[in-house]
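The primary structure of each chain is shown beneath.
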There are 2 protein chains.
Amino acid sequence: MQILRANIIFTPESTRFQVVESGYIVVAGGKVEGVYQTLPEEYQHSPVTDLGNSLLIPAMNDMHVHASQIRNQGIAMDQELLPWLQHYTFPEEQKYVDTSYAERMYRHFVHTLWRHGTMRVVAFASVHLHSTLLLMRLLDEAGMAAYVGKVNMDSRCPDDLQETPGEALAAHEELMRQYGHDASRVRPIVTPRFIPSCTPQLLHACGEMARRYNLPVQSHLSENLSEIALVRQLEPESLCYADAYRRYGLLGQTPTIMAHCVWSNDEELELLRQCGVMVAHCPTSNFNVASGLAPVRRMLQKGINVALGSDVSAGHDFSLFRMMVYAIQVSKMHYQRDKTCRPLTLAEAFWMATKSAGQFFGNVGSFEPGYDFDALVIDDSELLIDNSYTPLQRLERFVYIGDDRHIAARYCCGQRLTEPQR
Amino acid sequence: MQILRANIIFTPESTRFQVVESGYIVVAGGKVEGVYQTLPEEYQHSPVTDLGNSLLIPAMNDMHVHASQIRNQGIAMDQELLPWLQHYTFPEEQKYVDTSYAERMYRHFVHTLWRHGTMRVVAFASVHLHSTLLLMRLLDEAGMAAYVGKVNMDSRCPDDLQETPGEALAAHEELMRQYGHDASRVRPIVTPRFIPSCTPQLLHACGEMARRYNLPVQSHLSENLSEIALVRQLEPESLCYADAYRRYGLLGQTPTIMAHCVWSNDEELELLRQCGVMVAHCPTSNFNVASGLAPVRRMLQKGINVALGSDVSAGHDFSLFRMMVYAIQVSKMHYQRDKTCRPLTLAEAFWMATKSAGQFFGNVGSFEPGYDFDALVIDDSELLIDNSYTPLQRLERFVYIGDDRHIAARYCCGQRLTEPQR
């Protein structure tokens with residue numbers, strides 16, 4: 001059991017922060033027992049770690065990121081989508097056939113997550129099984145929790161990034177053998193890149209893998225208008241883009257996360273809601289690739305679970321705090337045009353990156369009793385140029401202008417994670 | 001004379017970077033003599049400071065920022081514009097009647113500029129003369145160049161932030177006495193807050209001060225739609241919002257910089273072009289206050305000079321590098337809707353923050369001969385996770401994902417600026 005004392009802030013629901021100034025959190029077996037303003041009698045004789053004036057908040061969850069694109073983070077941002085895929089994205093992924101290259105890059109990836117306080121991730125690796133297994137091992141060794149997708153694709157990409165349905169199935173058998181056990185914090189996720197990258201045969205195989213191994217699914221959905229037009233051609237019998245995934249058993253038949261949904265109309269959003277699909281909103285990516293402004297308020301109004309994703313390297317920034325800022329800003333552009341569509345609040349954006357995202361992993365992302373103790377200790381003393389900020393103003397300042405320098409400690413499942421080797 | 005060796009990158013024009021890998025820059029009397037791939041014979045026996053693998057780029061210019069709002073940086077971002085002004089902005093500026101409070105905050109302001117590599121600034125102070133003089137002294141002591149505005153206002157704000165036209169004139173006489181001499185790098189700028197904050201009498205006085213002392217002018221223009229509607233009511237005889245400034249002698253009669261121009265229509269943009277007005281594009285601010293997406297490509301197509309501003313505290317970030325990213329992203333949202341309106345390139349955004357902005361100060365923001373040597377040494381070694389990045393990719397990565405940790409040295413007018421005291 002451990003007891004920490006700090007200014008504790010979390011979002012038990014999307015609309016409000018719970019703030020316990022100089023409060024106590026009791027953690028046992030990696031899970032939160034309770035948060036208290038005054039330490040209950042039963043704990044009075046237990047040692048307390050006093051974190052002083054620090055903030056203690058739930059750790060970040062990045063629900064959409066391409067681990068194999070870390071080298072391309074922050075470059076080629078002036079490229080159009082297609083040249084970008086052809087000249088940057090695919091050539092980079094081709095390098096991951098070499099596990100020594102993969103190891104070097106994936107070590108940077110894991111270190112970067114750690115640095116930014118991201119303790120859980122839902123990631124695309126590449127098509128290569130051995131590099132994917134390597135990434136899973138590195139995340140596991142770092143103490144993080146993750147769903148890692150060996151990418152499935154066999155169309156509209158270089159030959160050596162393609163696989164047959166049989167290869168996809170065999171790879172997932174191996175992934176399940178190594179990471180399919182219940183105790184594993186790092187687990188596989190079925191990852192058809194997106195409809196245009198997969199033949200119907202491979203999409204069927206993906207649906208079959210999800211069903212057979214009871215594996216979750218991740219993919220891209222309705223990111224941009226020409227992609228949607230292409231899917232309409234490829235899948236003329238589907239009612240909408242999301243429906244195409246559904247018909248292959250890839251939309252909510254098992255827990256599903258879809259990135260983007262920038263252009264999902266009401267019909268598609270309704271389908272996502274019915275199927276319990278989580279949307280990974282990736283605002284920096286949507287800007288950088290000129291996709292558009294995702295209608296997050298509309299998703300929330302419908303009752304869809306929305307989380308945040310960095311989407312590196314279409315997104316350039318690994319910080320989920322920066323994603324919160326961008327998500328709020330995108331929502332304000334909707335508000336500017338339609339005053340009934342009120343902007344996301346900081347609480348809502350914070351909740352998206354913590355408790356909303358966390359439900360994909362179980363009881364994660366909050367400090368309510370029974371939740372995994374995933375937490376960040378924020379030492380924002382350098383930002384306190386005045387002594388009159390409230391704890392929530394301090395959190396807001398950290399979210400908007402802080403960075404990894406202000407993250408003093410990181411916990412996942414109750415374990416303090418030390419800096420991973422780069 | 002000093003000679004530096006580094007990977008030299010600058011934008012002699014908006015459309016292209018000039019890159020001199022492992023090149024030399026010769027600086028004499030604070031000004032660039034030349035940039036060379038091979039050091040000319042005449043300099044062969046002069047000592048060279050070898051900056052190794054670093055990048056050497058022009059320093060940043062922040063063309064719109066409210067120095068007196070630094071305490072509010074990154075807070076109250078969920079507020080609507082009017083409550084934000086009433087409960088955060090004005091109460092904060094009221095504190096600046098106290099020069100000891102002002103000194104504490106302005107020291108943080110100057111330090112923050114330094115940290116982010118911003119060597120020149122066009123700033124709003126507050127209505128208070130003595131605090132404004134203090135800010136000017138601190139910027140001067142830090143070795144920076146600046147136009148600092150003692151704010152002029154007498155309407156729609158708390159009584160103690162109002163001044164009479166006579167007080168405004170007397171204050172500017174004092175500002176000219178102390179900072180009006182030619183050698184001063186820190187100079188006054190006439191600063192009517194915006195049309196709605198000033199009576200016609202005060203606006204006339206501002207125009208008169210600009211004319212009498214040949215002072216430049218800064219203000220806000222066409223930031224949001226309700227503001228524009230209000231100005232139409234207040235100034236029914238003006239053809240547009242900008243025309244109202246023009247009629248008071250505050251639009252290009254002396255060098256003028258207008259922040260925002262989010263909603264300027266073609267007529268207003270044409271007037272800005274005719275009057276040679278520089279636009280300070282403040283993309284983070286425009287997001288945070290839900291103003292909208294400024295039509296920067298349209299401005300550039302018309303031949304208007306566009307620079308970048310952080311607009312703290314409506315903007316939350318002091319980094320001009322972050323402003324470049326946001327400016328590109330805003331332009332991509334225009335592009336998404338209108339494919340004839342192509343996105344800003346990195347070169348254009350970089351040029352906006354350097355050479356375009358710099359012309360407000362003279363020959364500033366480039367490494368062409370005769371330009372003031374304002375420069376940053378970028379040590380991005382921590383970002384080089386692979387050895388195959390080109391110098392331009394390194395610059396792009398630094399712009400997108402780097403921060404003040406990667407700025408190894410800062411120069412203004414040839415002088416290396418040491419860290420100012422906080």
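None of the values given here were measured: they were computed from a predicted structure.

The rules behind these values
- Residues numbered from 1 in each chain as written.
- Chains lettered and ligands numbered in written order.
- Predicted model: local features only at pLDDT ≥ 70, side-chain atom pairs only at ≥ 80, totals over all residues.
- Heavy atoms only, no water.
- Helix = DSSP H or I, 4+ residues; strand = E, 2+ residues; numbered from the N terminus.
- Rg over C-alpha atoms; globule rule 2.2 N^0.38 Å.
- Buried < 20%, exposed > 50% of the residue type's maximum accessible area, 1.4 Å probe, protein only.
- Contact = heavy atoms within 4.5 Å.
- Areas by Shrake-Rupley, 256 points an atom, 1.4 Å probe, with all protein chains shown as cover.
- Lys, Arg positive; Asp, Glu negative; His and termini not counted.
- Charge placed at Lys NZ, Arg CZ, Asp CG, Glu CD.
- Least-squares fit on C-alpha atoms with pLDDT ≥ 70 in both.
- Arc of directions from axis to C-beta.
- Salt bridge = Lys/Arg side-chain N within 4 Å of Asp/Glu carboxyl O.
- Pairing = 2+ DSSP bridges.
- Buried area = accessible area lost by both parts, 1.4 Å probe.
- Polar contact = N/O pair within 3.5 Å; in protein donor to acceptor, adjacent residues only side chain to side chain.
- Nonpolar A, V, L, I, M, F, W, Y, C, P; charged D, E, K, R; others polar.
- Core = buried A, V, L, I, M, F, W, Y, C linked by side-chain atoms within 4.5 Å.
- 1 Å grid on protein atoms, 1.4 Å probe; cavity = no way out; pocket = protein on both sides within 12 Å on 5 of 7 lines; lining within 4 Å.
- Points joined across faces, edges and corners; volume = space filled by probe spheres on them.
- Phe/Tyr/Trp six-rings, centres within 6.5 Å; stacked < 30°, edge-to-face > 60°.
- Axes fitted to C-alpha atoms, helices over the stretch in contact; angles between N-to-C directions.
- Expected span 1.5 Å × (residues − 1).

1. Things to note about the overall build of chain A
For chain A, the count of helices and strands is 13 helices and 17 strands. Taking 22 Å as the expected radius of gyration for a compact globule of 422 residues, we find that chain A reaches 21 Å, a close match to that expectation. Each of the 422 residues in chain A was classed as buried or not, and the buried ones make up 68%. At a minimum sequence separation of 6, the contacts of chain A that also span at least 24 residues come to 74%. For chain A, the exposed surface amounts to about 14,300 Å²; the carbon and sulfur share of it is 47%. Between the mean site of the 37 positive side-chain charges and the mean site of the 48 negative ones, chain A shows a separation of 2 Å.

2. What to know about the relation of the copies chain A and chain B
Expressed as a screw transformation, the operator carrying chain A onto chain B has a rotation angle of 180° and an axial translation of 0.0 Å, and the superposed copies differ by an RMSD of 0.0 Å. Look at the turn and shift together and you get a two-fold axis relating the two. An overlap of 98% is found between the interface residues of chain A and their copies at the interface of chain B, pointing to a shared contact surface.

3. Description of helix α8 (residues 266-274) of chain B
Residues and elements named next belong to chain B. Taken residue by residue, α8 has Glu268, Leu269, Leu271 and Leu272 as its buried positions. Burial along α8 is one-sided: seen end-on, the buried residues are contained in an arc of 155°. Looking one or two places after α8, you find Gly276, whose phi comes out positive at around 65°.

4. Some details on the pattern of salt bridges
Residues and elements named next belong to chain A. Scanning the model with the defined rule gives 57 salt bridges over all chains in all. Close ionic contact of Glu174 with Arg177 constitutes a salt bridge, the shortest N to O distance being 2.8 Å. Taken as a pair, Glu174 and Arg177 lie in helix α4 (residues 165-179) at a separation of three residues, close to a single helical turn. Residue classification places Glu174 among the partly exposed residues on the basis of a relative accessible area of 21%. The class of Arg177 is exposed, set by a relative accessible area of 61%.

5. Quick look at the environment of His181 of chain B
Residue and element names in this part refer to chain B. Along the chain, the position of His181 falls in the loop between α4 (165-179) and β9 (186-188). Distance from His181 to Ile3, taken between C-alpha atoms, is 31 Å for residues 178 residues apart in sequence. What His181 contacts, discounting residues up to four positions off in sequence, is Met176 and Arg187.

6. Some thoughts on unusual backbone geometry
Leaving glycine aside, a negative phi is the common case for residues, and trans is the common case for peptide bonds. The step from Val312 of chain A to Ser313 of chain A runs through a cis peptide bond, and the omega angle for that step is 10°. In this fold, Ser313 of chain A is placed in the loop between β14 (305-308) and α11 (320-337). At Arg156 of chain A, a residue that is not glycine, the phi angle is positive and equals roughly 55°. Along the polypeptide, Arg156 of chain A turns up in the loop between β8 (151-152) and α4. Overall, Arg156 of chain A belongs to the partly exposed group, its relative accessible area being 47%. Residue Cys413 of chain B is not a glycine yet carries a positive backbone phi of 50°. As for its position among the elements, Cys413 of chain B is in the loop between β16 (407-412) and β17 (415-416). The exposure class assigned to Cys413 of chain B is buried, which follows from its relative accessible area of 18%.

7. Details of the pairing of strand β5 (residues 60-66) of chain A
All names here are of chain A. Along β5, seven of the seven residues are buried, which leaves the element largely enclosed by surrounding structure. As judged from the five bridges shared by β5 and strand β6 (residues 118-124), these two strands associate in the parallel manner. If you follow Val65 over to β6, its bridge partner there is Ala123.

8. Looking at the interface of chain A and chain B
In this assembly, 52 residues from chain A lie in contact with 51 residues from chain B. Approximately 4,500 Å² of surface area, both sides summed, lies buried where chain A meets chain B, with 47% of it carried by carbon and sulfur atoms. When residues of chain A are sorted by the area they lose upon contact with chain B, Arg71, Ile385 and Arg405 of chain A head the list and together hold 14% of the total. Between chain A and chain B we count 11 salt bridges in total. Asp386 of chain B is paired through a salt bridge with Arg71 of chain A; the nearest N and O atoms lie 2.5 Å apart. Here chain A is connected to chain B by 36 residue pairs in polar contact (both at pLDDT 80 or more). Listing elements by their share of the side of chain A that touches chain B, those giving two or more residues are α2 (99-115), α9 (283-288), α11 and α13 (391-401) of chain A. The leading source of residues in the side of chain A that touches chain B is α11 of chain A, at eight residues. Among the residues forming the side of chain A that touches chain B, the class breakdown is 22 nonpolar, 14 polar and 16 charged.

9. Observations concerning the environment of Val19 of chain B
Residue and element names in this part refer to chain B. Mapped onto the fold, Val19 is located in strand β2 (residues 16-28). In sequence terms Val19 and Asn7 are 12 residues apart; their C-alpha atoms lie 7.2 Å from each other. Filtering out sequence-adjacent residues up to four positions away, Val19 remains in contact with Ile8, Ile9, Pro391 and Leu392.

10. Focus on the nonpolar core
The biggest cluster of nonpolar side chains holds 257 residues, and the ones touching the most others in it are Phe109, Leu139 and Leu272 of chain A together with Phe109, Leu139 and Leu272 of chain B. Excluding its chain neighbours within four sequence positions, the residues that come into contact with Phe109 of chain A are Val65, Ala67, Ile70, Val121, Ala123, Leu135 and Phe318 of chain A.

11. Structural notes on empty space enclosed by the protein
All names here are of chain A. Scanning the model with the defined rule gives two cavities of 30 Å³ or more in all. Of the volumes computed, that of the second largest cavity is approximately 50 Å³. Taken together, Ala76, Met77, Gln79, Glu80, Leu81, Trp84, Asn288 and Val289 make up the lining of the second largest cavity. Grouping the constituent residues of the lining of the second largest cavity by class yields five nonpolar, two polar and one charged.

12. A look at the packing of aromatic side chains
For any pair of aromatic rings, the description consists of the separation of the ring centres together with the inter-plane angle of the planes. Using the criterion set out here, one finds 28 aromatic pairs over all chains in the structure. Judged by centre distance (5.9 Å) and plane angle (65°), the rings of Phe109 of chain B and Phe318 of chain B are edge-to-face. Residue Phe109 of chain B is located in helix α2 (residues 99-115), and its partner Phe318 of chain B is located in the loop between β14 (305-308) and α11 (320-337); the two are separated by 209 residues in the primary sequence. Just as Phe109 of chain B is buried, Phe318 of chain B falls in that class too. Among the aromatic residues, those joined into a ring-pair cluster are Phe10, Phe367, Phe373 and Tyr411 of chain A.

13. Regarding the sheet that holds β6 of chain A
Residues and elements named next belong to chain A. Across the sheet, four strands lie side by side as β5-β6-β7-β9; this open sheet has parallel pairing. Unpaired on one side and paired on the other, β5 and β9 (186-188) mark the two borders of the sheet. Ignoring which end each strand starts from, the neighbouring axes of this sheet average 20° apart. Together, β5 and β6 form the strand contacts of α2, whose direction differs from that of β6 by roughly 140°. The strands that α11 touches are β5 and β6; relative to β5, the one it contacts most, it runs at about 85°.

14. Re α2 of chain A
Residues and elements named next belong to chain A. The end-to-end C-alpha separation of α2 is 23 Å, in line with the 24 Å expected for 17 residues at 1.5 Å each. Within α2, 13 of the 17 residues are buried, leaving the element largely enclosed by the surrounding structure. Gly117 occupies a position one or two residues after α2 and carries a positive phi of about 80°.

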